[in-house]
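Descriptive analysis of the structure
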Amino acid sequence: MTELAAALAVGLGALGAGIGNGLIVSKTVEGISRQPELQGKLQTTMFIGVGIVEVVPIIGVVIGFLAFFS
């Protein structure tokens, strides 16, 4: 049962991060296509957002390890 909990924590975290990254990048590309002069600001904001979203699967891996080894 702990293996299932660990797999769910890692898998759902990765799924959520993948969806979130896709949405962030698609909206950034849409914003750049509408206002090309804001490309630098939009890309900076996108990279910060992607970095924050990538924390979710890392936390999922930590929770998975805790569930698996405890």
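Residues numbered from 1 in each chain as written. Predicted model: local features only at pLDDT ≥ 70, side-chain atom pairs only at ≥ 80, totals over all residues. Heavy atoms only, no water.

Identification of the protein chain as ATP synthase subunit c from Paenibacillus cisolokensis is taken from an unreviewed UniProt entry. According to UniProt, the comment filed for the protein chain under the heading Sequence similarities (unreviewed entry) is "Belongs to the ATPase C chain family." (UniProt positions renumbered as here; feature names shortened; annotations may be inferred.)

**Topic: the overall build of the protein chain**
Helix and strand counts for the protein chain stand at three helices and zero strands. Taken from N to C terminus, the helices and strands of the protein chain fall in the order α-α-α. Considered along the principal axes of its C-alpha atoms, the protein chain spans approximately 50 × 15 × 5 Å. Taking all 70 residues of the protein chain together, 20% fall into the buried category. The long-range share in the protein chain, meaning contacts at least 24 apart out of those at least 6 apart in sequence, stands at 74%. (Helix = DSSP H or I, 4+ residues; strand = E, 2+ residues; numbered from the N terminus. Buried < 20%, exposed > 50% of the residue type's maximum accessible area, 1.4 Å probe, protein only. Contact = heavy atoms within 4.5 Å.)

**Digging into helix 1 (residues 2-34)**
The terminal C-alpha atoms of helix 1, which comprises 33 residues, lie 48 Å apart, in line with the 48 Å expected from a rise of 1.5 Å per residue. As for helix 1, its buried residues are in contact with helix 2 (39-53) and helix 3 (55-69). (Expected span 1.5 Å × (residues − 1).)

**Let's talk about the UniProt feature "domain: V-ATPase proteolipid subunit C-like" (unreviewed entry) in the protein chain**
Those places that UniProt annotates as "domain: V-ATPase proteolipid subunit C-like" (unreviewed entry) correspond, in this numbering, to residues 4-66. End-to-end, the C-alpha atoms of residues 4-66 are 13 Å apart, and along that stretch the chain is 92% helix and 0% strand.

**Things to note about the packing of aromatic side chains**
One pass over the structure, following the stated rule, counts two aromatic pairs. Among the aromatic residues, those joined into a ring-pair cluster are Phe65, Phe68 and Phe69. (Phe/Tyr/Trp six-rings, centres within 6.5 Å; stacked < 30°, edge-to-face > 60°.)

**A word on the side chain of asparagine 21**
Relative to the helices and strands, asparagine 21 resides in helix 1. Given the relative accessible area of 15%, asparagine 21 is considered buried.

**Structural notes on the environment of serine 26**
Tracing the chain through its elements places serine 26 in helix 1. Put simply, serine 26 and methionine 46 are 20 residues apart on the chain and 10.0 Å apart in space, counted from C-alpha to C-alpha.

**Quick look at the UniProt feature "transmembrane region" (unreviewed entry) in the protein chain**
When the UniProt feature table is mapped onto this chain, "transmembrane region" (unreviewed entry) is found at residues 46-69. End-to-end, the C-alpha atoms of residues 46-69 are 35 Å apart, and along that stretch the chain is 96% helix and 0% strand.

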